[in-house]
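Summary of structural features
One-letter residues, chain by chain:
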Amino acid sequence: MNDMVMKQRIVEKQWAIVPQKRSEVHTAAPILEPGKWQQFDPFLLWMDDWFSQGAFGEHPHRGMETVSYVIEGAIEHYDDKGHEGRLEAGDVQWMTAGRGVVHNEIPPEGVTTHLLQLWVNLPAEHKMAEPRTQLLKRDQIPVRREEGVEIYVISGESGDVKASTLNYAPITMLEINLERGASFTQSLAEDHNAFLYILEGEGRFGSAGTLGEKGQLLALKHEKEASELLIQASEEPLKLLLIAGKPLREPIAAHGPFVMNTPEQIVQAYDDFRSGNF
Ligand code: FE2
């Protein structure tokens with residue numbers, strides 16, 4: 001690939017994430033709000049949650065994946081397929097609900113956990129896939145290191161560093177840490193939608209140098225061809241998450257925790273859940 005002709009990405013839209021108290025044990029904000037299926041495709045929603053015990057109960061999913069990324073605190077998780085474990089800060093759980101999972105995620109007693117949860121859509125042909133859970137502990141996530149740059153490759157690749165995380169459709173998810181003044185360039189595959197959520201600091205993003213700061217979501221302009229994204233930290237360290245994926249461009253029928261292609265499949269999901277056929 002010739003760098004001289006590589007398409008450069010720019011920021012098309014940006015918005016601030018505003019957390020709101022939902023109950024005594026739960027504060028939340030949508031980063032990517034549900035319903036904008038085409039705009040965010042293949043992502044369905046992305047939530048920023050602060051919660052303690054009692055916020056969530058046991059619940060089902062079908063037809064999608066949930067990706068939980070712990071910022072602070074911890075959660076104990078279990079599901080009806082016999083998976084259980086604990087996630088600490090920096091750990092990621094990549095759960096493929098496929099044909100159906102019933103699960104729960106509970107912070108330890110007295111702990112308020114700060115967690116991001118991303119919902120990734122599954123291609124129609126994989127919506128009824130066998131459920132699976134990939135637990136990515138912080139110290140097992142591959143890291144790309146350069147001068148002033150540290151990138152945890154949660155899924156996909158950055159430079160020569162590749163994650164072994166399994167995807168049904170290719171998804172890139174990176175935790176990007178830049179020291180003050182540092183910069184780096186990330187390659188993005190052709191026809192991928194890409195979003196950045198800034199966790200700390202501020203910087204300039206894309207070839208137009210759009211300013212972004214903590215608490216903002218930046219949506220990149222879509223490009224049909226392979227492209228690059230330039231990120232430059234300002235006068236303080238910058239920490240952000242990047243997610244990117246190829247749009248599925250399939251019909252979506254979503255109801256609660258079930259995301260299928262047709263209304264009939266949603267009815268079937270409720271029938272199967274009620275009759276214990278997950
Ligand atoms: Fe869930």
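Structure first, text after, so check above.
It should be emphasised that the depicted structure is a prediction, and the values quoted were computed from it without experimental measurement.

**Thoughts on the overall build of the protein chain**
Along the protein chain, the regular secondary structure elements total 2 helices and 27 strands. Taking 278 residues into account, the globule formula puts the C-alpha radius of gyration at 19 Å, and the protein chain, at 18 Å, falls close to it. With the C-alpha coordinates aligned to their principal axes, the bounding extent of the protein chain is approximately 60 × 40 × 35 Å. Burial status across the protein chain gives 53% buried among its 278 residues. Taking the contacts inside the protein chain whose residues are at least 6 apart along the sequence as the reference set, 72% of them involve residues at least 24 apart. Here the protein chain displays about 12,700 Å² of accessible surface, and carbon together with sulfur accounts for 48% of that area. Distance between charge centres in the protein chain, computed from 26 positive and 42 negative side chains, equals 4 Å.

**Some details on the pattern of salt bridges**
Summed over all chains, the structure comprises 17 salt bridges. Lys 246 is the salt-bridge partner of Asp 191, the closest N and O atoms lying 3.1 Å from each other. Residue Asp 191 is found in the loop between β19 (183-188) and β20 (193-200), and its partner Lys 246 is found in the loop between β25 (238-245) and β26 (253-255); the two are separated by 55 residues along the sequence. Judged by relative accessible area, Asp 191 falls into the buried class, the value being 10%. Connected through salt bridges with shared partners, the residues Glu 76, Arg 86 and Glu 88 form a single ionic network.

**A few points about the coordination of the iron ion**
Coordination of the iron ion by the protein comes from His 59 (NE2), His 61 (NE2) and His 103 (NE2), over a distance range of 2.1 Å. When the donor residues of the iron ion are listed from N- to C-terminus, their spacing reads H-x1-H-x41-H. Owing to a relative accessible area of 1%, His 61 belongs among the buried residues under this scheme.

**Describing the pairing of strand β4 (residues 26-32)**
On a regular strand, one side chain projects to one face of the sheet and the next to the other, so that they alternate. For β4, a buried count of 5 out of 7 residues is recorded, marking the element as mostly surrounded by other parts of the structure. In the sheet, strand β3 (residues 20-23) pairs with β4 via 3 bridges, with the strands oriented antiparallel. Residue pairing across strands places Ser 23 opposite His 26, the latter belonging to β4. What sits between the antiparallel neighbours β3 and β4 is a turn of 2 residues. Strand direction decides the pairing type here: β4 and strand β5 (residues 43-51), joined by 6 bridges, are antiparallel. Each bridged residue has a counterpart across the sheet, and for Ala 28 the counterpart in β5 is Asp 49.

Here is what the cut-offs are and how they apply
- Residues numbered from 1 in each chain as written.
- Predicted model: local features only at pLDDT ≥ 70, side-chain atom pairs only at ≥ 80, totals over all residues.
- Heavy atoms only, no water.
- Helix = DSSP H or I, 4+ residues; strand = E, 2+ residues; numbered from the N terminus.
- Rg over C-alpha atoms; globule rule 2.2 N^0.38 Å.
- Buried < 20%, exposed > 50% of the residue type's maximum accessible area, 1.4 Å probe, protein only.
- Contact = heavy atoms within 4.5 Å.
- Areas by Shrake-Rupley, 256 points an atom, 1.4 Å probe, with all protein chains shown as cover.
- Lys, Arg positive; Asp, Glu negative; His and termini not counted.
- Charge placed at Lys NZ, Arg CZ, Asp CG, Glu CD.
- Salt bridge = Lys/Arg side-chain N within 4 Å of Asp/Glu carboxyl O.
- Donors = N, O, S within 2.8 Å, 3.2 Å for Na, K, Ca; no water.
- Pairing = 2+ DSSP bridges.

No statement about biological role is implied by the geometric values presented.
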